[in-house]
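What follows is each chain in one-letter form.
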Amino acid sequence: MILTLSNSDKKRLLTPIKKTILQYKMIEEGDRVAVGLSGGKDSSTLLYILTILREQLPFHFDLIPISLSLGFEDLDILPLKEFVEKLGHELYIKETNISQIVFDIKREKNPCSLCANLRRGVLFEYAASLGCNKLAYGHHLDDGIETFFMNLFYGGKLGVFKPITYLDRSNITLIRPMLAIEEKTIINFVKAKNIPIIHNPCPADKNTKREEMKDLVKKLSIDYPELRQNFMNGAMNLREEDFWKIDQR
């Protein structure tokens, strides 16, 4: 596959991702970076852009695409495997029985949290077993805003995931290079490049609290078109003195 980007792709995707990586020192010389692939638009876009940046950034690093088989029988992962190979990589697949644990054994009424925790644990362990010291997630700007509202509405706290987090248990550093990218930019890119998308077979798909937050962000952005950019500016320039912190002394 010949990797090409239009001027618009470079402006809206490549440049901000490159800036985020350098700004937070997400990737450095000699890193072995696992890229968690779900078959969805976000992680596949991330792998595409990182493959290009591997040739542009002023240091050497390895990319290791990894994916989890959650145990859903009707999931065809072949399109993802072919896409990864066309980019010049080998896809490493870890077989799991996470779907059975969540839906058959635990029978969770709200399965997303347990599933996410199980997937994270397996991903970190698998990445470490492949000699990786970093794991890249495809979270984007809209994901950040949705997480903020979920924490506020359902957790009673103000917070969002970090650009870079060191996980001492697995000795893996989690990075999110696409934090400055709007979801609509990724959607347009995937359509233009005809990147294959694997349908999520999970019974809870499109019926979650996150989906509610996604709808909320869409509605808010109609009345407040600068919502996404203002959120990013606020998250990057947080001041502790602006909050009602009680002095514990």
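What comes next concerns the included structure. Every chain is numbered independently, its residues counted from 1 as its sequence is written. This being a predicted model, a pLDDT of at least 70 is required before a residue's local features are given, and a value of 80 or more before pairs of side-chain atoms are given or counted; all residues contribute to the totals for chains, interfaces and linings. Neither water nor hydrogens contribute to the side-chain values; these are computed over all heavy atoms in the structure.

1. Remarks on the overall build of the protein chain
Part 1 of the argument: Only DSSP runs of H or I covering at least 4 residues are called helices, and only runs of E covering at least 2 are called strands; the numbering of each starts at the N terminus. What the protein chain contains, in helices and strands, is 9 helices and 6 strands.
Part 2 of the argument: A simple rule labels every residue: compare its accessible area, found with a 1.4 Å probe on the protein chains alone, to the largest value its type can have, and call it buried under 20%, exposed over 50%, or partly exposed in between. Looking at the 249 residues of the protein chain, the share that counts as buried comes to 44%.
Part 3 of the argument: In the protein chain, the proportion of contacts linking residues at least 24 apart, taken out of those at least 6 apart, comes to 77%.
Part 4 of the argument: Of the roughly 14700 Å² of accessible surface on the protein chain, 50% is carried by carbon and sulfur atoms. Note on contacts: a residue pair is in contact if any heavy atoms of the two residues lie within 4.5 Å. What sets the accessible areas is the Shrake-Rupley method with a 1.4 Å probe; for residues, cover comes only from the shown protein chains.

2. Thoughts on unusual backbone geometry
Part 1 of the argument: Even without a glycine there, the phi angle at Asn171 is positive, about 60°.
Part 2 of the argument: The backbone of Asn194 sits at a positive phi, close to 55°, despite the residue not being glycine.
Part 3 of the argument: Residue class for Asn194 comes out exposed when judged on its relative accessible area of 66%.

3. Remarks on the pattern of salt bridges
Part 1 of the argument: Just to be clear on terms, a salt bridge is a Lys or Arg side-chain nitrogen sitting within 4 Å of an Asp or Glu carboxyl oxygen. Scanning the model with the defined rule gives 15 salt bridges in all.
Part 2 of the argument: A salt bridge links Glu146 to Arg210, with the shortest nitrogen-to-oxygen separation between them at 3.3 Å. Here Glu146, found in helix 6 (residues 141-155), pairs with Arg210, found in helix 8 (residues 209-223); they are 64 residues apart in sequence, far enough to count as distant.
Part 3 of the argument: Glu146 sits in the buried class, given a relative accessible area of 1%.
Part 4 of the argument: Arg239 is the salt-bridge partner of Asp242, the closest N and O atoms lying 2.9 Å from each other.

4. Brief notes about the layout of surface pockets
Part 1 of the argument: Grid spacing is 1 Å over the protein atoms alone, the probe is 1.4 Å, and a cavity is where that probe fits but cannot get out, while a pocket is an open set with protein on both sides within 12 Å along at least five of seven lines and lining residues have an atom within 4 Å of a point. Grid points are joined across faces, edges and corners, and a volume is the space filled by probe spheres set on the points. The space that makes up the second largest pocket amounts to roughly 740 Å³.
Part 2 of the argument: Considering the residues around the second largest pocket, the lining is formed by 27 residues, among which Val160, Phe231, Met232, Ala235 and Met236 are closest to the centre.
Part 3 of the argument: If you list the elements that add at least two residues to the lining of the second largest pocket, you get helix 1 (7-23), helix 6 and helix 9 (227-236).
Part 4 of the argument: In terms of residue count, helix 9 provides more of the lining of the second largest pocket than any other element does, 8 residues in total.
Part 5 of the argument: For this classification, the nonpolar set comprises Ala, Val, Leu, Ile, Met, Phe, Trp, Tyr, Cys and Pro, the charged set comprises Asp, Glu, Lys and Arg, and every other residue, Gly included, is treated as polar. Split into classes, the residues belonging to the lining of the second largest pocket amount to 17 nonpolar, 8 polar and 2 charged.

5. Describing the packing of aromatic side chains
Part 1 of the argument: The rule is short: rings of Phe, Tyr and Trp, with Trp giving its six-membered ring, pair when the centres are within 6.5 Å, and they are stacked under 30 degrees, edge-to-face over 60, tilted in between. All told, the structure shown has 5 aromatic pairs when counted by the stated rule.
Part 2 of the argument: Their ring planes at 70° and their centres at 5.6 Å tell us that Phe148 and Phe149 sit as a pair that is edge-to-face.
Part 3 of the argument: According to the relative accessible area criterion, Phe149 is buried, its value standing at 13%.
Part 4 of the argument: Look at Phe149 and Phe153: their rings are 5.6 Å apart centre to centre, the planes differ by 20°, and that puts the pair in the stacked class. Highlighted residues: Phe149 and Phe153, both in helix 6, separated by 4 residues, approximately one helical turn.
Part 5 of the argument: The partly exposed category is assigned to Phe153, whose relative accessible area is 46%.
Part 6 of the argument: Pairwise contacts between aromatic rings join Phe148, Phe149, Phe153 and Phe231 into one cluster.

6. As for the pairing of strand 2 (residues 62-69)
Part 1 of the argument: Counting buried positions over the 8 residues of strand 2 gives 7, a clear majority of the element.
Part 2 of the argument: One requirement defines pairing of two strands: DSSP has to find at least two bridges between them. The pairing of strand 1 (residues 32-37) with strand 2 spans 6 bridges and is classified as parallel. Pairing of Val35 across the sheet is with Pro65, part of strand 2.
Part 3 of the argument: Every crossover in which the path from the first strand over the helix to the second runs clockwise, viewed with the strands pointing away from the viewer, is termed right-handed. Each parallel crossover has a hand, and for strand 1 linked through helix 2 (residues 41-56) to strand 2 it is right-handed.

7. Describing the sheet that holds strand 4 (residues 134-136)
Each strand in a sheet pairs with its neighbour through backbone hydrogen bonds, running either in the same direction (parallel) or in the opposite one (antiparallel).
Part 1 of the argument: With mixed pairing, the 6 strands of this open sheet are ordered in space as 3-2-1-4-6-5. At either margin of the open sheet sits one strand with a lone partner, and together these are strand 3 (92-95) and strand 5 (164-167). Taken over all neighbouring pairs, the strand axes of this sheet differ in orientation by 30° on average, direction set aside.
Part 2 of the argument: Bridge analysis of strand 5 against strand 6 (residues 172-175) gives 4 bridges, and the strand direction is antiparallel. Among the inter-strand pairings, Leu167 is bridged to a residue of strand 6, identified as Ile172. Here, axes are lines fitted to C-alpha atoms. For helices the fit covers the stretch in contact, and angles between N-to-C directions go from 0 to 180 degrees.

8. Here we look at the side chain of Thr147
Part 1 of the argument: Among the structural elements, Thr147 can be located in helix 6.
Part 2 of the argument: Taking relative accessible area as the criterion, Thr147 reaches 11% and is therefore assigned buried.

Treat this as a map of the structure, not an account of what it does.
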